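This is what each chain is made of:
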Amino acid sequence: EAGVAQSPRYKIIEKRQSVAFWCNPISGHATLYWYQQILGQGPKLLIQFQNNGVVDDSQLPKDRFSAERLKGVDSTLKIQPAKLEDSAVYLCASRKQGALGNTIYFGEGSWLTVV
Amino acid sequence: SQQGEEDPQALSIQEGENATMNCSYKTSINNLQWYRQNSGRGLVHLILIRSNEREKHSGRLRVTLDTSKKSSSLLITASRAADTASYFCATVERMDSSYKLIFGSGTRLLVRP
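Residues numbered from 1 in each chain as written. Chains lettered and ligands numbered in written order. Predicted model: local features only at pLDDT ≥ 70, side-chain atom pairs only at ≥ 80, totals over all residues. Heavy atoms only, no water.

Colleague: Hey, could you run me through the environment of W111 of chain A in this one?
Modeller: Inspection of the secondary structure puts W111 of chain A in strand β11 (residues 110–114). Judged by its relative accessible area of 27%, W111 of chain A falls in the partly exposed class. The sequence separation of W111 of chain A and Y90 of chain A amounts to 21 residues, and the corresponding C-alpha distance is 6.4 Å. Contacts of W111 of chain A, omitting those with residues within four sequence positions, involve R9, Y10, K11, A88 and V89 of chain A together with G40 and R41 of chain B. (Helix = DSSP H or I, 4+ residues; strand = E, 2+ residues; numbered from the N terminus. Buried < 20%, exposed > 50% of the residue type's maximum accessible area, 1.4 Å probe, protein only. Contact = heavy atoms within 4.5 Å.)

Rendered as C-alpha coordinates:
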(Lines give C-alpha, C1' and ligand atoms only; values in the text may rest on other atoms or scores of the structure.)
Protein backbone atom coordinates (compact mmCIF):
# COMPACT_ATOMS: atom_id res chain seq x y z
CA GLU A 1 0.00 0.00 0.00
CA ALA A 2 1.45 3.37 -1.01
CA GLY A 3 1.96 5.87 1.77
CA VAL A 4 1.14 9.55 1.99
CA ALA A 5 2.94 11.38 -0.81
CA GLN A 6 4.12 14.96 -0.50
CA SER A 7 5.93 17.37 -2.77
CA PRO A 8 8.16 19.23 -2.98
CA ARG A 9 10.38 17.78 -0.27
CA TYR A 10 12.42 20.94 0.10
CA LYS A 11 11.77 24.56 -0.74
CA ILE A 12 13.71 27.75 -0.06
CA ILE A 13 11.96 31.06 -0.71
CA GLU A 14 12.43 34.68 0.23
CA LYS A 15 10.06 36.34 2.65
CA ARG A 16 6.93 37.77 1.05
CA GLN A 17 7.07 35.16 -1.73
CA SER A 18 4.46 32.43 -2.06
CA VAL A 19 4.76 28.66 -1.92
CA ALA A 20 2.44 25.71 -2.41
CA PHE A 21 2.70 22.16 -1.10
CA TRP A 22 0.88 19.16 -2.48
CA CYS A 23 -0.30 16.03 -0.71
CA ASN A 24 -1.81 12.78 -1.93
CA PRO A 25 -3.18 10.71 0.96
CA ILE A 26 -3.40 6.95 1.21
CA SER A 27 -6.09 5.64 -1.13
CA GLY A 28 -9.46 5.44 0.57
CA HIS A 29 -8.56 7.68 3.48
CA ALA A 30 -11.35 10.18 3.99
CA THR A 31 -9.58 12.38 6.52
CA LEU A 32 -6.58 14.52 5.58
CA TYR A 33 -4.50 16.69 7.87
CA TRP A 34 -1.85 19.37 7.47
CA TYR A 35 0.50 19.82 10.42
CA GLN A 36 3.24 22.40 10.90
CA GLN A 37 6.37 21.32 12.77
CA ILE A 38 8.87 23.96 13.78
CA LEU A 39 12.37 22.67 14.48
CA GLY A 40 12.63 21.22 17.97
CA GLN A 41 8.88 21.16 18.56
CA GLY A 42 6.05 18.71 18.12
CA PRO A 43 3.70 18.96 15.14
CA LYS A 44 0.82 21.42 15.39
CA LEU A 45 -2.41 20.89 13.47
CA LEU A 46 -3.18 23.53 10.86
CA ILE A 47 -6.25 22.08 9.16
CA GLN A 48 -8.30 18.90 8.98
CA PHE A 49 -10.45 17.82 6.03
CA GLN A 50 -13.15 15.19 5.95
CA ASN A 51 -13.52 14.30 2.26
CA ASN A 52 -13.62 17.76 0.64
CA GLY A 53 -14.98 19.63 3.65
CA VAL A 54 -13.05 21.48 6.34
CA VAL A 55 -13.59 20.03 9.81
CA ASP A 56 -11.13 22.13 11.80
CA ASP A 57 -9.05 25.09 10.69
CA SER A 58 -8.98 26.92 13.99
CA GLN A 59 -5.17 27.12 14.07
CA LEU A 60 -4.65 28.03 10.42
CA PRO A 61 -3.34 31.63 10.03
CA LYS A 62 -5.95 32.50 7.45
CA ASP A 63 -4.44 35.84 6.54
CA ARG A 64 -1.59 34.03 4.79
CA PHE A 65 -2.34 30.30 4.75
CA SER A 66 -4.94 28.56 2.63
CA ALA A 67 -5.67 24.92 1.91
CA GLU A 68 -8.06 23.06 -0.32
CA ARG A 69 -9.11 19.52 -1.10
CA LEU A 70 -11.46 20.12 -3.98
CA LYS A 71 -12.19 16.54 -5.08
CA GLY A 72 -11.78 14.95 -1.67
CA VAL A 73 -8.52 13.25 -2.57
CA ASP A 74 -5.32 15.26 -2.87
CA SER A 75 -4.78 18.59 -1.20
CA THR A 76 -2.69 21.73 -1.53
CA LEU A 77 -1.47 24.06 1.19
CA LYS A 78 -0.47 27.56 0.16
CA ILE A 79 1.39 30.28 2.02
CA GLN A 80 1.22 33.82 0.66
CA PRO A 81 3.07 35.95 1.61
CA ALA A 82 5.60 33.89 3.56
CA LYS A 83 7.23 35.15 6.75
CA LEU A 84 10.50 34.07 8.33
CA GLU A 85 8.60 32.30 11.13
CA ASP A 86 6.91 30.04 8.57
CA SER A 87 10.17 28.10 8.25
CA ALA A 88 9.12 24.61 9.28
CA VAL A 89 8.27 21.15 8.07
CA TYR A 90 4.75 20.84 6.70
CA LEU A 91 3.46 17.34 7.30
CA CYS A 92 0.48 15.88 5.54
CA ALA A 93 -1.31 12.95 7.14
CA SER A 94 -4.36 10.82 6.45
CA ARG A 95 -6.72 8.54 8.31
CA LYS A 96 -9.24 5.91 7.33
CA GLN A 97 -12.68 6.64 8.66
CA GLY A 98 -14.51 4.40 11.09
CA ALA A 99 -13.54 1.86 13.68
CA LEU A 100 -10.32 0.95 11.91
CA GLY A 101 -9.21 4.54 11.62
CA ASN A 102 -7.35 5.06 14.86
CA THR A 103 -3.95 5.32 13.20
CA ILE A 104 -2.96 8.49 11.40
CA TYR A 105 -0.30 8.02 8.73
CA PHE A 106 2.17 10.76 7.93
CA GLY A 107 4.06 11.70 4.80
CA GLU A 108 7.77 12.54 4.76
CA GLY A 109 7.05 16.25 4.97
CA SER A 110 7.84 19.35 2.95
CA TRP A 111 10.71 21.36 4.41
CA LEU A 112 10.31 25.09 4.00
CA THR A 113 13.05 27.63 4.63
CA VAL A 114 12.09 31.30 4.38
CA VAL A 115 15.08 33.65 4.06
CA SER B 1 -1.81 24.21 22.06
CA GLN B 2 0.18 21.11 22.89
CA GLN B 3 -1.44 18.48 25.05
CA GLY B 4 1.45 16.33 26.11
CA GLU B 5 4.80 17.09 27.60
CA GLU B 6 7.59 14.57 27.23
CA ASP B 7 10.30 14.03 29.75
CA PRO B 8 13.24 14.07 29.35
CA GLN B 9 13.64 16.44 26.42
CA ALA B 10 16.84 14.63 25.45
CA LEU B 11 18.28 11.24 26.38
CA SER B 12 21.66 9.72 25.54
CA ILE B 13 22.31 6.06 26.26
CA GLN B 14 24.70 3.29 25.27
CA GLU B 15 23.60 0.63 22.81
CA GLY B 16 22.06 -2.29 24.67
CA GLU B 17 20.67 -0.16 27.49
CA ASN B 18 16.99 0.51 28.00
CA ALA B 19 15.45 3.90 27.23
CA THR B 20 12.45 5.24 29.09
CA MET B 21 10.48 8.28 27.97
CA ASN B 22 7.58 9.78 29.85
CA CYS B 23 4.60 11.77 28.70
CA SER B 24 2.08 13.75 30.70
CA TYR B 25 -1.17 15.11 29.34
CA LYS B 26 -3.90 17.40 30.53
CA THR B 27 -7.37 16.26 29.53
CA SER B 28 -9.19 12.93 29.54
CA ILE B 29 -8.34 10.72 26.60
CA ASN B 30 -9.77 7.99 24.40
CA ASN B 31 -6.35 6.70 23.46
CA LEU B 32 -2.72 7.73 23.46
CA GLN B 33 -0.28 7.07 20.67
CA TRP B 34 3.50 7.12 20.33
CA TYR B 35 5.29 8.13 17.17
CA ARG B 36 8.94 8.08 16.11
CA GLN B 37 10.57 10.63 13.84
CA ASN B 38 13.98 10.02 12.37
CA SER B 39 15.98 13.13 11.50
CA GLY B 40 14.61 14.72 8.35
CA ARG B 41 11.78 12.24 8.01
CA GLY B 42 8.08 12.02 8.70
CA LEU B 43 6.39 10.52 11.74
CA VAL B 44 6.00 6.77 12.04
CA HIS B 45 3.27 5.30 14.22
CA LEU B 46 4.68 2.97 16.88
CA ILE B 47 1.91 1.93 19.20
CA LEU B 48 -1.57 2.90 20.42
CA ILE B 49 -2.85 2.30 23.93
CA ARG B 50 -6.51 2.75 24.79
CA SER B 51 -7.72 4.46 27.92
CA ASN B 52 -8.92 1.16 29.40
CA GLU B 53 -5.54 -0.50 28.93
CA ARG B 54 -2.66 -0.22 31.38
CA GLU B 55 0.17 -1.80 29.43
CA LYS B 56 0.90 -2.81 25.88
CA HIS B 57 3.84 -4.50 24.19
CA SER B 58 5.11 -4.46 20.63
CA GLY B 59 8.46 -6.11 20.01
CA ARG B 60 11.04 -4.21 22.07
CA LEU B 61 8.52 -1.51 22.96
CA ARG B 62 6.49 -1.40 26.14
CA VAL B 63 3.96 1.35 26.77
CA THR B 64 2.19 1.98 30.04
CA LEU B 65 -0.73 4.27 30.73
CA ASP B 66 -1.87 5.67 34.06
CA THR B 67 -5.07 7.63 33.50
CA SER B 68 -5.29 8.64 37.16
CA LYS B 69 -1.96 10.44 36.82
CA LYS B 70 -2.56 11.42 33.20
CA SER B 71 0.77 9.97 32.20
CA SER B 72 2.27 7.39 29.88
CA SER B 73 5.71 5.93 29.43
CA LEU B 74 7.49 4.34 26.49
CA LEU B 75 10.22 1.82 27.22
CA ILE B 76 12.60 0.65 24.51
CA THR B 77 14.50 -2.39 25.65
CA ALA B 78 17.96 -3.45 24.40
CA SER B 79 18.34 -0.24 22.42
CA ARG B 80 20.13 -0.10 19.09
CA ALA B 81 21.86 2.74 17.27
CA ALA B 82 18.98 2.64 14.77
CA ASP B 83 16.60 3.67 17.58
CA THR B 84 18.17 7.14 17.52
CA ALA B 85 15.24 9.44 16.75
CA SER B 86 12.74 11.80 18.33
CA TYR B 87 9.80 10.19 20.07
CA PHE B 88 6.44 11.92 20.46
CA CYS B 89 3.37 11.05 22.43
CA ALA B 90 0.06 12.20 21.05
CA THR B 91 -3.42 12.25 22.48
CA VAL B 92 -6.56 12.07 20.43
CA GLU B 93 -9.04 14.91 20.61
CA ARG B 94 -12.49 13.99 19.32
CA MET B 95 -15.25 16.51 18.84
CA ASP B 96 -18.23 15.98 16.52
CA SER B 97 -16.67 14.81 13.25
CA SER B 98 -13.20 15.97 14.21
CA TYR B 99 -10.54 13.39 15.14
CA LYS B 100 -7.09 14.85 15.58
CA LEU B 101 -3.79 14.18 17.29
CA ILE B 102 -2.34 16.66 19.75
CA PHE B 103 1.42 16.17 20.08
CA GLY B 104 3.85 16.78 22.86
CA SER B 105 7.21 18.40 22.38
CA GLY B 106 9.11 15.13 22.03
CA THR B 107 12.11 13.34 23.48
CA ARG B 108 15.29 13.25 21.40
CA LEU B 109 16.96 9.89 21.92
CA LEU B 110 20.58 9.25 21.01
CA VAL B 111 21.82 5.67 21.19
CA ARG B 112 25.61 5.54 21.11
CA PRO B 113 27.11 2.49 19.40
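Alright, that's what it looks like, and here's the rest.
Colleague: For this particular structure, what's the right way to read the environment of A85 of chain B?
Modeller: Residues and elements named next belong to chain B. Along the chain, A85 turns up in strand β9 (residues 85–95). Considered as a pair, A85 and R41 are 44 residues apart in the sequence and their alpha carbons are 9.8 Å apart. Contact partners of A85, with chain neighbours within four places excluded, come to R36, Q37, N38, T107, R108 and L109.

Colleague: Sorry, what's going on with the sheet that holds strand β6 (residues 55–58) of chain B here?
Modeller: Picture the strands of a sheet paired through backbone hydrogen bonds; they go either parallel or antiparallel. Residue and element names in this part refer to chain B. In spatial order, the strands read β1-β3-β8-β7-β6; together these five strands make up an open sheet with antiparallel pairing. The two strands at the open ends of the sheet, each matched to only one other strand, are β1 (5–7) and β6. Each neighbouring strand pair of the sheet contributes to a mean axis angle of 20 degrees, computed without reference to strand direction. With six bridges joining them, strand β7 (residues 61–66) and strand β8 (residues 71–76) adopt antiparallel strand pairing. Bridge pairing in β8 places R62 opposite L75. (Pairing = 2+ DSSP bridges. Axes fitted to C-alpha atoms, helices over the stretch in contact; angles between N-to-C directions.)

Colleague: Hey, could you run me through the side chain of S110 of chain A in this one?
Modeller: By secondary structure assignment, the location of S110 of chain A is in strand β11. For S110 of chain A, a relative accessible area of 0% corresponds to the buried category.

Colleague: How do you make sense of the packing of aromatic side chains when you look at a structure like this?
Modeller: Aromatic ring pairs are reported here in terms of the distance separating the ring centres and the angle at which the planes meet. If you walk through the whole model with that rule in mind, you get nine aromatic pairs over all chains. An angle of 55 degrees between the planes, with centres 5.6 Å apart, marks the rings of Y35 of chain A and F106 of chain A as tilted. With Y35 of chain A in strand β4 (residues 31–37) and F106 of chain A in strand β10 (residues 104–106), the pair connects residues that are 71 residues apart, well separated along the chain. For the pair shown, Y35 of chain A and F106 of chain A are each scored as buried. Centroid distance F88 of chain B to F103 of chain B: 6.4 Å. Interplanar angle 90 degrees. Geometry classified as edge-to-face. Residue F88 of chain B is found in strand β9, and its partner F103 of chain B is found in strand β10 (residues 98–103); the two are separated by 15 residues along the sequence. Each member of the pair F88 of chain B and F103 of chain B is classed as buried. (Phe/Tyr/Trp six-rings, centres within 6.5 Å; stacked < 30°, edge-to-face > 60°.)

Colleague: For this particular structure, what's the right way to read unusual backbone geometry?
Modeller: Residues other than glycine predominantly adopt negative phi, and peptide bonds predominantly adopt the trans conformation. A cis geometry characterises the amide bond from S7 of chain A onward to P8 of chain A, with omega recorded as -10 degrees. Omega for the peptide link from D7 of chain B to P8 of chain B comes to 0 degrees, which places this bond in the cis form. Considering the arrangement of structural elements, one finds P8 of chain B in the loop between β1 and β2 (10–14). Even without being glycine, R16 of chain A reaches a positive phi, approximately 80 degrees. Relative to the helices and strands, R16 of chain A is located in the loop between β2 (10–13) and β3 (19–24). In this structure, A78 of chain B is a non-glycine residue whose phi angle is positive, near 45 degrees. Along the polypeptide, A78 of chain B turns up in the loop between β8 and β9. Relative accessible area serves as the criterion here: at 39%, A78 of chain B is assigned to the partly exposed category.

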